[in-house]
Amino acid sequence: MPDINMAKAINMALNEAMERDNRVVVMGEDVGPDEGVFRVTEGLHAKYGDKRVIDTPLAESGIVGTAIGMAIYGLRPVAEIQFSSFEYYAYHQIEMHAARFRNRTRGRLSVPMVLRCPSGGGIRAIEHHSESREAIYAHSPGLKVVMPSGPRSARALLHAAIQDPDPVIYYEPKALYRLFREDVPEAIETYPIGRAQVVQEGKDITLISYGATVRAAIDAAEILEDEDGLKPEIIDLLSIAPLDTDTIVNSVRKTGRAVVIHEGPRTCGIGSEVIARINEHAIEYLEAPIKRITGYDTPIPYFARERAYIPDADKIVAAVREVLSF
Amino acid sequence: MPRTPIDIPHKLEYLSILSENGEVDTKLEPKIEATKLKEMYRWMLFARRVDERLLKLQRQGRIGTFPQASGHEAISLGSVVNLEKADWHVPAYRELAGFLYRGWTLEQILIYWMGYEEGAVPPEGTNDLPISVPIASQLLHAAGIGMANNLKGDKNVVMTYFGDGASSEGDCHEAMNFAAVYQAPVVFICLNNQYAISVPLTKQMRNQTIAQRALSYGMDGIRVDGNDVLAVYAASKEAVEKARNGGGPTLIECLTYRYTPHTTADDPTRYRSTEECNTWMAKEPLIRFEKYLKTKKVMTDADFKTMEEEIDARINEAITNAEEACKKPPLSDPLKMFDYLYAELPSNLVEQKEELAKHLGIEITEKETRDEAGAVGRGK
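Residues numbered from 1 in each chain as written. Chains lettered and ligands numbered in written order. Predicted model: local features only at pLDDT ≥ 70, side-chain atom pairs only at ≥ 80, totals over all residues. Heavy atoms only, no water.

Of regular secondary structure, chain A possesses 12 helices and 14 strands. Whereas a compact globule of 326 residues would reach a radius of gyration of roughly 20 Å, chain A reaches 19 Å, a difference of no more than 12%. Expressed along its principal axes, the backbone C-alpha trace of chain A runs to roughly 60 × 40 × 40 Å. Relative to its 326 residues, chain A shows a buried fraction of 64%. A separation of at least 24 residues holds for 82% of the contacts in chain A among residues at least 6 apart in sequence. Put simply, chain A shows about 12100 Å² of open surface, and 49% of that area lies on carbon and sulfur atoms. On chain A, the mean spot of the 37 positive side-chain charges and the mean spot of the 47 negative ones are 5 Å from each other. (Helix = DSSP H or I, 4+ residues; strand = E, 2+ residues; numbered from the N terminus. Rg over C-alpha atoms; globule rule 2.2 N^0.38 Å. Buried < 20%, exposed > 50% of the residue type's maximum accessible area, 1.4 Å probe, protein only. Contact = heavy atoms within 4.5 Å. Areas by Shrake-Rupley, 256 points an atom, 1.4 Å probe, with all protein chains shown as cover. Lys, Arg positive; Asp, Glu negative; His and termini not counted. Charge placed at Lys NZ, Arg CZ, Asp CG, Glu CD.)

Structure representation (C-alpha cells):
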C-alpha cells in the first residue's frame, strides 16, 4: 500500500498503462528528458525512449491534432497540455474533431485519446496559468471530462481515461500535486467515468464538489461537525461529463439541502448544471435554496489576490450556515 | 565575418509535362500503361459529371450547399492513384475524384450532401478520413497518422489536401513542422486555386509560391501545373516513393484556378471578372488530357462516347438509390443523432433521446440498457 502524492500517483498510472499496453504513448511539451514541468512524467523517457515519450514542438493544436491522427491509427495517445489555459490553442481540434469523429463516421473511426491538463490556481503561478475551464469542455458534446481530488482517484481515473474508447479530458488540480499523500492499493484500480463518490456520509446537507475544492469541503465539514454539530454529506463528482445525476439526486433527497462548490467561474459553471438536475429530479425535497461557492465571474486574479477568489472552508461553512438558517 | 550567406540546401522547381494544347514533354512523360491512363481519365470524367449533376441537384433543392470541384480533378486523381490501398487519404473537401477512386460510392457522396452523417463513413477496408470542413485542421491528423506509422514501423504513406487559403492557417504550419520534425511519411498536396472564397492569392500571402514554404520546414517542395494530370502524377509518385522509403514529407503545390464559385452559396461575379475565368478555362485539365489520350491512341471518339453514356447511367442510378435510402431507416430516423457520439450512450443522452422520441411519437428501435452497476450499454 504505497503512500504517495498525486503527482506520483499520475506518474504511476502512466507507467502502469505503458507497461500493460504498448499502444499507449505519452506526448507533449517537455514530457521527455525534462520529465514534465511538474515532473509528472518522471522516469518514463528513460524507460520507454523517444518513440513512446514524445517531446513535441511548442504547438498545442499540433499536439492535439497529431494525437487525433495517432488515435485513429490505433495508438492510445496520452497528450499533455502543459497548462489548461493553453488548451484554447487547440480548442478547434478538440471540439471539431476529437469530439466528433465517432459521431460523424457513425462509429467507424474513433479517437481514444487522453488530454492531461494541469488546472486551477493556488500555486502562485504567473498569469494565464491558473484557470479552471472544465465547463467549456463539459458543454462540448462528445467529450468526457474528469478531475481527480487526490492520489487514489488520480491513478484510478487516469487508468479509466486511458482505457476509455472515447476522448477524455483529464484535469489535474495542480495545487494538489504535492499537497498530501494517500495510500493507493497495490493492484491497479479503475474508477468508472460517469460515477461520483460519496466521500463522507451525512444527513444535514449535501456538499457537492470536485477537484481541489473537495479538500475544502472536507475541511468545512470538520468545522461544521465540531462547531455546529452538523453531519454534512460530501459528494466528489470525479466525472464532470457525464455527470452522475443519480448520486447527486439521491443524496439531496435525503438531506434536503445542498451547497455546490467549484473553482471555475459561477455563470454557466458546473454548479449551474448540478442545480438544474436537482431541480428536475428532486425539487420537492428541497428545504432551502441551493447555494454556490465558486470562483467569481472574473478571471482568476494574478496570484497576490488568488486566495480571495478560490473557494475555501470558511466560505463553505458560511454558506452552509446560511442555507440551514433559511 | 559578421555577414555571410547561409546556404539552404533546397532547390525549388516548377513542373509541367502536358501543355494546355495537349503537347507532351517526352523527356518528362511518366510511363503509365494505356489501361491505367484510360482508368485515370474515367475517374476524372466521372468526378466532373458528378460535380455538374450535384449543382443541378442543389438548384432543385435535392441536396444542400456544396463546394464544387470541377477543374480540380487532375490534382486529386493524379495524386491519389499513387497510393496503395493501405495508405491513408486525408482530404479537405474538393477531392471528389479521389473519394470516388478510393471506393466511396456515389450513393454515399450524395447522401452526405443530402445532409446525413452516414455519407461520411469511410468504406470498410479503406484507410480514408472523411471530408474535413474546418480549414487546414485535417493536415494535423495526417501528420499524426504519419507519426504513428513510423512509431509502429509500418510502411504506409499519408496523402493530405488543402487550399491556398488554408496555407494561412496555423494548423498548416504546425502540421508541416510536426511532419518534418518526425520525418512523417506525409505528402501535402496544396490545391492552389488562387481564391479563398473572394480573397485572391495576392491578399493571402506575400511570398511568390506556397511550395517555397517547404524549404523553411526542412522538407522538399515543388510547384506543379495543377491542370496537368501527368505533372501531378509524376511529382506525387516521387513524393510517395520517398516517403515510403523513410525520406519524410513533401509539399506539392498544384497551381490551378477555382473555375466554379466557392460553394453553391457564392457569387464570384462580386469579386472577379468573367474574362479572367475564361482565360483559365482554356487551361482546364480534362481537355488537354483528352487530346493526349487521342494522340497516344489510348482512346477513340467512340470510347469517349461510351464512357459518357456509362457514367450518365451510373449517376442516374446512384441518385435514385440515394433518394430511396433517405426514405428508410437509418437515414429517416432522427433519433440516430444520439447513437454514435460515444461508444456507450451516457444517461443524459438516454434521457434526451427518450424525450425526443416521445415528442415525435416514434419508437426507439435500439434500446439502451443499464447493467447491474448502473452503466449504460446498448442492447437491441
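Let us now look at a negative patch on the surface. A grouping of A:E280, B:E351, B:E354 and B:E355 is seen on the molecular surface, where their side chains present a negatively charged patch. Among the elements that take part in the negative patch, helix 13 (residues 347–360) of chain B stands out by supplying three residues, more than any other. Topologically, A:E280 is positioned in helix 10 (residues 270–282). A:E280 gets classed as exposed once you look at its relative accessible area, which sits at 55%. (Patch = residues over 30% accessible without salt bridge, like charges linked within 9 Å, V, L, I, M, F, W, Y side chains within 5 Å. Salt bridge = Lys/Arg side-chain N within 4 Å of Asp/Glu carboxyl O.)

A separate point is the pairing of strand 13 (residues 258–265) of chain A. Residue and element names in this part refer to chain A. Most of strand 13 sits inside the fold, with seven of its eight residues counted as buried. As paired elements, strand 10 (residues 206–209) and strand 13 share four bridges and run parallel to each other. Pairing of T206 across the sheet is with A258, part of strand 13. Where strand 13 lies against strand 14 (residues 291–295), five bridges are found, and the strand directions are parallel. Directly across from I261, in strand 14, lies its bridge partner I293. (Pairing = 2+ DSSP bridges.)

Residue and element names in this part refer to chain A. Taken domain by domain, chain A holds domain 1 (3–183) and domain 2 (197–324). If you look at the interface, domain 1 gives 27 residues, while domain 2 gives 23 residues. Both sides of the domain 1 and domain 2 interface together cover about 1900 Å² of buried area, and 62% of this is carbon and sulfur. When the buried surface of domain 1 facing domain 2 is broken down by residue, R124, M147 and S149 rank first, second and third, together holding 23% of it. (Domains from an automatic or database assignment. Buried area = accessible area lost by both parts, 1.4 Å probe.)

The final tally for this structure, using the stated rule, is 42 salt bridges over all chains. Of the charged contacts, one joins A:K254 and A:E201 as a salt bridge, the two residues approaching to 3.9 Å between their closest N and O atoms. You can see A:K254 sitting in helix 9 (residues 245–255) and its partner A:E201 sitting in the loop between strand 9 (197–200) and strand 10, a full 53 residues away along the chain. According to the relative accessible area criterion, A:K254 is partly exposed, its value standing at 45%. Here B:R53 makes a salt bridge to B:D312, at a shortest N to O gap of 3.0 Å. Here B:R53, found in helix 1 (residues 34–59), pairs with B:D312, found in helix 12 (residues 301–326); they are 259 residues apart in sequence, far enough to count as distant. In the salt-bridge network here, residues are joined through shared partners; they are A:E80, A:R116 and A:E172.

Across the boundary between the two partners, chain A contributes 44 residues, which contact 48 residues of chain B. Buried area between chain A and chain B, summed over both chains or domains, comes out near 3700 Å², and the portion from carbon and sulfur atoms is 62%. Looking at the side of chain A facing chain B, the largest losses of area belong to A:Y73, A:R104 and A:R106, adding up to 24% of the total buried there. Here chain A is connected to chain B by two salt bridges. With its nearest N and O atoms 3.4 Å apart, the salt bridge here joins A:R106 to B:E118. For the pair chain A and chain B, the interface holds 19 residue pairs in polar contact (both at pLDDT 80 or more). Broken down by secondary-structure element, the contributors of at least two residues to the side of chain A that touches chain B are strand 3 (53–55), helix 3 (60–73), helix 4 (91–98), helix 5 (101–104) and helix 10 of chain A. Among the elements that take part in the side of chain A that touches chain B, helix 3 of chain A stands out by supplying 11 residues, more than any other. Across the side of chain A that touches chain B, the residue classes tally to 18 nonpolar, 14 polar and 12 charged. (Polar contact = N/O pair within 3.5 Å; in protein donor to acceptor, adjacent residues only side chain to side chain. Nonpolar A, V, L, I, M, F, W, Y, C, P; charged D, E, K, R; others polar.)

Of note, B:N21 is situated in the loop between strand 1 (13–15) and helix 1. The spacing of B:N21 and B:I222 is 201 residues in sequence and 23 Å in space, taken between C-alpha atoms.

So, about helix 12 of chain B. Each α-helix turn comprises 3.6 residues. Residues three or four places apart therefore point the same way. Look at helix 12 of chain B: 38 Å from first C-alpha to last across 26 residues, which is about the 38 Å you get at 1.5 Å a residue. Turning to helix 12 of chain B, its buried residues number three or more, namely B:F304, B:M307, B:I311, B:I315, B:A318, B:I319, B:A322 and B:C326. (Expected span 1.5 Å × (residues − 1).)

Attention now moves to the side chain of A:D204. Residues and elements named next belong to chain A. Inspection of the secondary structure puts D204 in the loop between strand 9 and strand 10. Polar contacts involving the side chain of D204 include one to the side chain of K203, which spans 3.2 Å. A distance of 2.6 Å separates the side chain of D204 from the backbone nitrogen of K231, its partner in a polar contact. Not counting the four nearest positions on each side in its chain, D204 is found in contact with L230, K231, T255, R257 and L324.

What follows covers the nonpolar core. Membership of the largest hydrophobic core comes to 118 residues, with the highest contact counts inside it found for A:L237 and B:F188. Sequence-distant contacts of B:F188, defined by excluding residues within four places in its chain, comprise B:L139, B:T160, B:F162, B:A175, B:M176, B:A179, B:M219, B:P249, B:T250, B:L251 and B:I252. Core analysis: the second largest hydrophobic core is formed by 75 residues, B:L15, B:V157, B:L230 and B:M307 among them. (Core = buried A, V, L, I, M, F, W, Y, C linked by side-chain atoms within 4.5 Å.)

Another aspect to go through is the packing of aromatic side chains. Evaluated as defined, the whole model comprises 21 aromatic pairs over all chains. With centroids separated by 5.5 Å and ring planes inclined at 65°, the aromatic side chains of A:Y91 and A:Y137 adopt a geometry described as edge-to-face. A residue pair is termed long-range when its members are at least 10 positions apart, and A:Y91 in helix 4 and A:Y137 in helix 6 (residues 134–138) qualify at 46 residues. Relative accessible area serves as the criterion here: at 26%, A:Y91 is assigned to the partly exposed category. Measuring from centroid to centroid gives 6.0 Å for B:Y195 and B:Y257, while their planes differ by 90°, and the two rings are edge-to-face. With B:Y195 in strand 5 (residues 195–196) and B:Y257 in the loop between strand 8 (250–255) and helix 10 (274–281), the pair connects residues that are 62 residues apart, well separated along the chain. Judged by relative accessible area, B:Y195 falls into the buried class, the value being 10%. (Phe/Tyr/Trp six-rings, centres within 6.5 Å; stacked < 30°, edge-to-face > 60°.)

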